[in-house]
Amino acid sequence: MGILGWLIAFVVFLGIEAATFALTTIWFAGGSLVGLVLCILGAGKRIQLVAFVIVSFGLLFLTRPLALQFINRRTKKTNVEEIAGQQARITEEVDNEAGTGAAVLNGQTWTARAARGGEKIPAGTMVTINSVQGVKLMVEVSEQK
């Protein structure tokens, strides 16, 4: 590729990154920049392409995880992710085999299922939420009453 080809590749990779913010194509823009510099210095096409591949994938695999940690440092959990570990009150007996069970969490009624397969949890019991699967709370009896 010539100088124009590397410039086009650089701009395209930057444009894709600006549109997606996926932190993937930015590293290929870096590889394109190295290819451009090598082209200007008169390196052969094979050397340019090999350098592009090595630099792009090197940046992708070595620096992307660090960059994601830095960028996602202030990312808050979604409402569903914050539910795990909270307490809820069972309003309808939880019986996985019968497909019944409901719990109230923060004033909202949810379908509830026992985290342990055959366990039945009577109405009025306080439970701890293990996880959310779809629209169901996966619960277990809480130590607190």
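All values derive from a computational prediction rather than experimental measurement. (Residues numbered from 1 in each chain as written. Predicted model: local features only at pLDDT ≥ 70, side-chain atom pairs only at ≥ 80, totals over all residues. Heavy atoms only, no water.)

Novice: Give a detailed account of unusual backbone geometry, specifying residues and quantitative values.
Specialist: One non-glycine residue, Asn 106, lies in positive phi territory at about 50°. Residue position: Asn 106 is located in the loop between strand 2 (100–105) and strand 3 (108–114). (Helix = DSSP H or I, 4+ residues; strand = E, 2+ residues; numbered from the N terminus.)

Novice: Give a description of the packing of aromatic side chains that names residues and reports values.
Specialist: This model, assessed by the stated rule, comprises six aromatic pairs. Ring centres of Trp 6 and Phe 52 lie 5.5 Å apart, and the angle between their planes is 50°; this geometry places the pair in the tilted category. Residue Trp 6 is located in helix 1 (residues 3–20), and its partner Phe 52 is located in helix 3 (residues 45–71); the two are separated by 46 residues in the primary sequence. Across the pair, exposure class does not vary: Trp 6 and Phe 52 are buried alike. (Phe/Tyr/Trp six-rings, centres within 6.5 Å; stacked < 30°, edge-to-face > 60°. Buried < 20%, exposed > 50% of the residue type's maximum accessible area, 1.4 Å probe, protein only.)

Novice: With reference to specific residues and values, describe the pairing of strand 5 (residues 126–133).
Specialist: Both strand 1 (residues 87–95) and strand 5 contribute to a ladder of three bridges, which runs antiparallel. From the neighbouring strand, Gln 87 faces strand 5, where its bridge partner is Thr 128. As judged from the six bridges shared by strand 5 and strand 6 (residues 136–141), these two strands associate in the antiparallel manner. Looking at strand 6, one finds that Val 132 is bridged to Leu 137. Between the end of strand 5 and the start of strand 6, which pair antiparallel, lie two residues, with Gly 134 showing a positive phi angle near 70°. (Pairing = 2+ DSSP bridges.)

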